[in-house]
Amino acid sequence: QVQVVESGGGLVQAGGSLRLSCAASGGSIASINAVGWYRQAPGKQREFVAAITSGGSTNYADSVKGRFTISRDNAKNTVYLQMNSLKPEDTAVYYCNARTVIAARGYWGQGSQVTVSS
């Protein structure tokens, strides 16, 4: 079992930066093979933002490539999403998902609101 908690969201002006954290805990955290960030804006479908695997490879959605950076701190069991050059269209609830081989759907956090004002 894995528990996931997001933090770091808030209100920021366009062009600003924000760093989200995804902290994982539980007896199965050693089995996590990938952690991804997703977001859902009002009236829109949930979309993929970025992911990092246990091997360190990363993937980004085209909409955030070059602006967002995903990283990890294994000692803290935490994955970060550094968001720079934020745009109003980045406004959404950001969710973290930790995936294991057994739990292919992954474990979801409660989400963290990011609001970017123009």
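Below you will find a few notes about this structure. (Residues numbered from 1 in each chain as written. Predicted model: local features only at pLDDT ≥ 70, side-chain atom pairs only at ≥ 80, totals over all residues. Heavy atoms only, no water.)

## Looking at the layout of surface pockets
Test applied: Cavities and pockets are defined on a 1 Å grid built over the protein atoms alone: a cavity is a set of grid points where a 1.4 Å probe fits but cannot escape, while a pocket is an open set with protein on both sides within 12 Å along at least five of seven lines, and lining residues are those with an atom within 4 Å of any such point. Grid points are joined across faces, edges and corners, and a volume is the space filled by probe spheres set on the points. Segments assigned H or I by DSSP are reported as helices when at least four residues long, segments assigned E as strands when at least two residues long, and all are numbered from the N terminus. Only Asp, Glu, Lys and Arg are considered charged in this grouping, and only Ala, Val, Leu, Ile, Met, Phe, Trp, Tyr, Cys and Pro are considered nonpolar; every other residue, Gly among them, is considered polar.
Approximately 290 Å³ is the volume attributed to the largest pocket. In terms of lining residues, the largest pocket is bounded by 18 residues, among which Ile 29, Ile 32, Val 35, Asn 74 and Val 79 are the most central. Those elements that place two or more of their residues in the lining of the largest pocket are β3 (18–25), β4 (32–40), β5 (47–53), β7 (68–73) and β8 (78–83). Take the lining of the largest pocket: its biggest share by element is four residues, from β4. Here the residues of the lining of the largest pocket sort into ten nonpolar, six polar and two charged.

## A closer look at the pattern of salt bridges
Spelled out, the test is: The rule for a salt bridge is simple: a side-chain nitrogen of Lys or Arg has to be within 4 Å of a carboxyl oxygen of Asp or Glu. Only protein chains enter the accessibility calculation, which uses a 1.4 Å probe; a residue whose area is less than 20% of its type maximum is buried, one above 50% is exposed, and one in between is partly exposed.
The full count for this structure, using the stated rule, is four salt bridges. We note a salt bridge from Arg 39 to Asp 90, for which the minimum N-O separation is 2.9 Å. In this pair, Arg 39 is assigned in strand β4 and Asp 90 in the loop between β8 and β9 (92–100), connecting sequence segments 51 residues apart. For Lys 65, the salt bridge goes to Asp 62, with nearest N and O atoms at 3.4 Å. Neither Lys 65 nor Asp 62 differs from the other in exposure class; each is exposed. One connected set of salt bridges, linked through shared partners, spans Arg 39, Glu 47, Arg 67 and Asp 90.

## A closer look at the nonpolar core
Worth spelling out the cut-off: Among the buried residues, those of types Ala, Val, Leu, Ile, Met, Phe, Trp, Tyr and Cys that are joined through side-chain atoms within 4.5 Å form a nonpolar core. Any two residues having at least one pair of non-hydrogen atoms within 4.5 Å are treated as being in contact.
In terms of nonpolar packing, the biggest core is built from 30 residues, with Val 35, Trp 37, Val 49, Phe 68, Leu 81, Met 83 and Tyr 94 touching the most fellow members. If you list the elements that add at least two residues to this core, you get β3, β4, β5, β7, β8, β9 and β11 (112–117). Aside from chain neighbours lying at most four places away, what touches Tyr 94 is Glu 6, Leu 20, Trp 37, Tyr 38, Arg 39, Val 49, Phe 68, Leu 81, Met 83, Gly 111, Ser 112 and Val 114.

## A look at the environment of Gly 27
With respect to the element layout, Gly 27 can be found in the loop between β3 and β4. Residues Gly 27 and Gly 10, spaced 17 residues apart in sequence, show a C-alpha to C-alpha distance of 30 Å.

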